Structure formats: C-alpha cells, structure tokens
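Summary of structural features
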Amino acid sequence: MITLGIESSCDETGLALYCTERGLLAHALFSQVDLHALYGGVVPELASRDHVRRLVPLTRQVCREAAIELGDIDAVAYTAGPGLAGALLTGAMMARGLAWSLQCPALGVHHLEGHVLAPMLEPEAPEFPFVCLLVSGGHTQLIHVQAPGDYRLLGESIDDAAGEAFDKTAKMLGLSYPGGPALSKLAQSGNCEVVSLPRPMMDRADLDFSFSGLKTAAITRFKAFTDRTDVTDEELGQFKADLAAAFEQAVVDVLIGKSRRALRQTGLSRLVISGGVSANRQLREAADSLESEGMQVFYPRLEFCTDNGAMIALAGASRLQRGEKSDLAVSVKPRWPLESLMMGQ
Ligand code: KG4
Ligand code: ZN
C-alpha cells in the first residue's frame, strides 16, 4: 500500500510517499524559514498562502522521485492537527480533493503521533513499548508508547515548550528565527559554567516540566549584564555565548533527568527522542550517556526530527492498516491533545 503523506501544520510543507512493503519511497520538504525570518516568527496567513503554492509541485516531485504515477497512490494521510488552522486546512483540502479524484481513502493524522513514530522510519527502529520524549516548538511531553496508537501521557510542560523557550531566549540574544539551532550554534563557543541558571522542577518527583522560569532567568541575567556601562563588544559577545551554553545545558539536564525518571518509573529501557529539539547535539550527547545505564536511545534522522511529510505518511499508513477510516468531511483540529486518540476522539 502506497500512502502519500502531507504535512502543513506550521511553516514547513512536507510531502512523502511511504510503502508498507518497501518503506519510504520519496520525500520532499519546503521550509518557509526565510519567509517568516523577516518577522521573527511564523505569520499564519503567509504560511497558509505559501503551503498553497508548494503542495502540488512537491506532490509531483515525490511521484517523480519514486517513479510512480498519481494513480498508484492507495491512500492519502494529512496532518489534521494540532497546528495553525489555515495552514492545516490547505493540506486537508489537498488531501481530500486528491483522494476523491483517485477514489482512495484520506485520513487525518495527529501531528504528534507523526513525531512519536518518526524513528520507525529508520533501519534500527525501536521495538514497542518505549518511552517517548517529544520535544518540539509547541510541546514537551513524556509519553508511554505501548504500541502504535496506544499512548499514555506521563508528564508535560506546564508552560513553555522546550523549543519555544529556545526560540524566545534566542530572540532575546538577537539571534535569527528559528532560534533553537542558532542558539545551539552560539553555545558552542560559550562556557556553560560561567552563568548559573536553575533546573526547574527537577526536585519534584513528577514528570512535568516548566521552561518559562528558566527563560525569564536567562533574560534577567542578560539584562543585568547589558545594564552595565563598562562592557566591551567583545565581552558582550562572549557573555551571549556563555549564556546560550548555560541555557542549553539547563534544558538538556532537565530533559534527560526527567527522561531517566520516566524510564525508571515505567520499568522500560527504550527511550525515543523526537520533535524539532531532538536535533540538538548536546541533547543527543547527553542522551547517549543513558546507554551506559543499560538503556537504549533512538532518534529519527536529523531531517525527520523537525516537521516532515514522511512521519505523517508512516503514521497514516499504520492507522489505515489497523482498519481506521474517516468520513469525507474536511475537518482540522488546531487544538488536539494526543491522549484523546486513546479515547477515539
Ligand atoms: O517539531 P518542530 O519542527 O515543529 C513543531 O512541531 O513545533 O520543532 C521546531 C522547534 C523550534 O522551536 C526549533 O527552534 C527547535 O525545534 N529546534 C531546535 C533545534 N532544531 C530545531 N532546538 C534546539 N536545538 C536544535 N538543534
Ligand atoms: Zn512538529
């Protein structure tokens, strides 16, 4: 069965063809980063308009790369939520229209389920069950994944997501959008010991996170430094790098500390880290150290950490194989908790 996957929940247009027998056949992505960088963040209306421009050419591109005709597609999976309503609707309309013309099923997929299952696209895919640390721009969650479609939320951020905190702190440091990769690059020339920042919620036994206070602590330290009148440009540059390193280290310490706790509490030994922030080098290095504690750690390849069509095609194919169907309505869910999948909502 060949499934076309369509991702358009935010600022990336992702298309992919996934075959249940042969694996991933082709994938293509257009990132709108340059379009939104001018504004320092995603402008929803511009995002929707650009998805409309990209969806058809990218569909043609993946068909060409996979050497298949449109008529060879057996099903269409699209991101139905969570995300920006207008952006989601562009992918949903395209999916429904194409499926109708091809007389094949179309299925709305949960974006986070795509991230959770993304490591299954890799040759060394994790076996079930596992704990998933899902760290993206909008979510920071620890999830007990019993099987595809069987998810239990163990903990989540009570305020900012980790990626959001990266982006906001980066903005304060004058870095370009999206801030996560830029902050991480700056941190490489910094010393994380110079500035001390808190490790929020680490002393609590639960598996929840909070990153808003950490972001505020970083902003306060930055203001205190820049309020000084005796600072040279060189000193300011070095302080920014040190602060970036300290911030990144604090986020990584909390994410890894809570993931270790989740593994211990569930008695599981496999950890999957996915979502945009799982591309972070420091996080990956720290997570690899869990292997010496007898745990196995899995990630998607770097290009499938951030939003992409391949994870949506895979998640859709998995649901269709389990007999899931959906009606012909074009409906999207900008807010859609992952746990509601368990309740069939
Ligand atoms: O999963 P994703 O592409 O979109 C959402 O579903 O939110 O994640 C985007 C987030 C952004 O906040 C971005 O700054 C962050 O992932 N990100 C990173 C890195 N690469 C992307 N954060 C830290 N380090 C990175 N290398
Ligand atoms: Zn995402």
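A few points on the structure.

Scoring rules and cut-offs
Residues numbered from 1 in each chain as written. Chains lettered and ligands numbered in written order. Predicted model: local features only at pLDDT ≥ 70, side-chain atom pairs only at ≥ 80, totals over all residues. Heavy atoms only, no water. Helix = DSSP H or I, 4+ residues; strand = E, 2+ residues; numbered from the N terminus. Rg over C-alpha atoms; globule rule 2.2 N^0.38 Å. Buried < 20%, exposed > 50% of the residue type's maximum accessible area, 1.4 Å probe, protein only. Contact = heavy atoms within 4.5 Å. Areas by Shrake-Rupley, 256 points an atom, 1.4 Å probe, with all protein chains shown as cover. Pairing = 2+ DSSP bridges. Axes fitted to C-alpha atoms, helices over the stretch in contact; angles between N-to-C directions. Near = heavy atom within 4 Å. Polar contact = N/O pair within 3.5 Å; in protein donor to acceptor, adjacent residues only side chain to side chain. Salt bridge = Lys/Arg side-chain N within 4 Å of Asp/Glu carboxyl O. Donors = N, O, S within 2.8 Å, 3.2 Å for Na, K, Ca; no water.

Along the backbone of the protein there are ten helices and ten strands. Over its C-alpha atoms the protein spans a radius of gyration of 21 Å, differing by no more than 12% from the 20 Å that the globule rule assigns to 345 residues. Expressed along its principal axes, the backbone C-alpha trace of the protein runs to roughly 70 × 45 × 30 Å. Relative to its 345 residues, the protein shows a buried fraction of 52%. By sequence separation, contacts in the protein at least 24 residues apart represent 72% of the contacts at least 6 residues apart. When the accessible surface of the protein is summed, it comes to about 14,900 Å², and 52% of that surface belongs to carbon and sulfur atoms.

Turning our attention to the sheet that holds strand β8 (residues 150–156). Sheet architecture is open: five strands sit in the order β8-β7-β6-β9-β10, paired in mixed fashion. At either margin of the open sheet sits one strand with a lone partner, and together these are β8 and β10 (296–298). Within this sheet the neighbouring strands show an average axis-to-axis angle of 25°, counted without direction. Bridge count between strand β6 (residues 130–135) and strand β9 (residues 270–274): four bridges; the pairing is parallel. If you follow Leu134 over to β9, its bridge partner there is Ser274.

Let us now look at the sheet that holds strand β4 (residues 75–81). Pairing within the open sheet is mixed, and its five strands lie in the order β3-β2-β1-β4-β5. At either end of the open sheet lies a strand with only one pairing partner, and these are β3 (23–31) and β5 (106–110). Looking at each pair of strands side by side, their axes are set apart by 20° on average, direction ignored. Here β4 pairs with β5 via five bridges, running parallel. Across the sheet, residue Tyr78 finds its bridge partner in β5, namely Gly108. Strand contacts of helix α3 (residues 85–102): β1 (2–7), β4 and β5, with the helix running at about 160° to β4, the strand carrying the most contacts.

Around ligand 1 there are 17 residues in total, and Gly137, Asp167, Gly180, Gly276 and Asn280 lie nearest to it. In the model, a nitrogen atom of ligand 1 is placed 3.0 Å from a nitrogen or oxygen of the Asn280 side chain. The backbone of Asp307 places a nitrogen or oxygen atom 3.1 Å from an oxygen atom of ligand 1. When contributions to the shell around ligand 1 are tallied by element, the ones reaching two or more residues are α4 (111–117), α5 (162–172) and α6 (179–187).

Let us look at the pattern of salt bridges. For the coordinates displayed, the defined rule picks out 16 salt bridges. Residue Glu45 pairs with Arg49 through a salt bridge whose shortest N-O separation is 2.7 Å. Here the residue Glu45 and the residue Arg49 both occupy positions in helix α2 (residues 44–66), the gap between them amounting to four residues, near one helical turn. What makes Glu45 partly exposed here is its relative accessible area of 45%. Taking the shortest distance from any N to any O, the salt bridge between Lys258 and Asp206 comes out at 3.4 Å.

Before going further, it helps to spend a moment on the coordination of the zinc ion (ligand 2). Coordination sphere of the zinc ion (ligand 2), protein contribution only: His111 (NE2), His115 (NE2) and Asp307 (OD), at 2.0 to 2.1 Å. For the zinc ion (ligand 2), the single-chain donor residues occur in sequence as H-x3-H-x191-D. Here His115 is found in helix α4, whereas its partner Asp307 is found in the loop between β10 and α10 (309–321), with 192 residues between them in sequence. Accessibility assignment for this pair places His115 and Asp307 in one class, buried.

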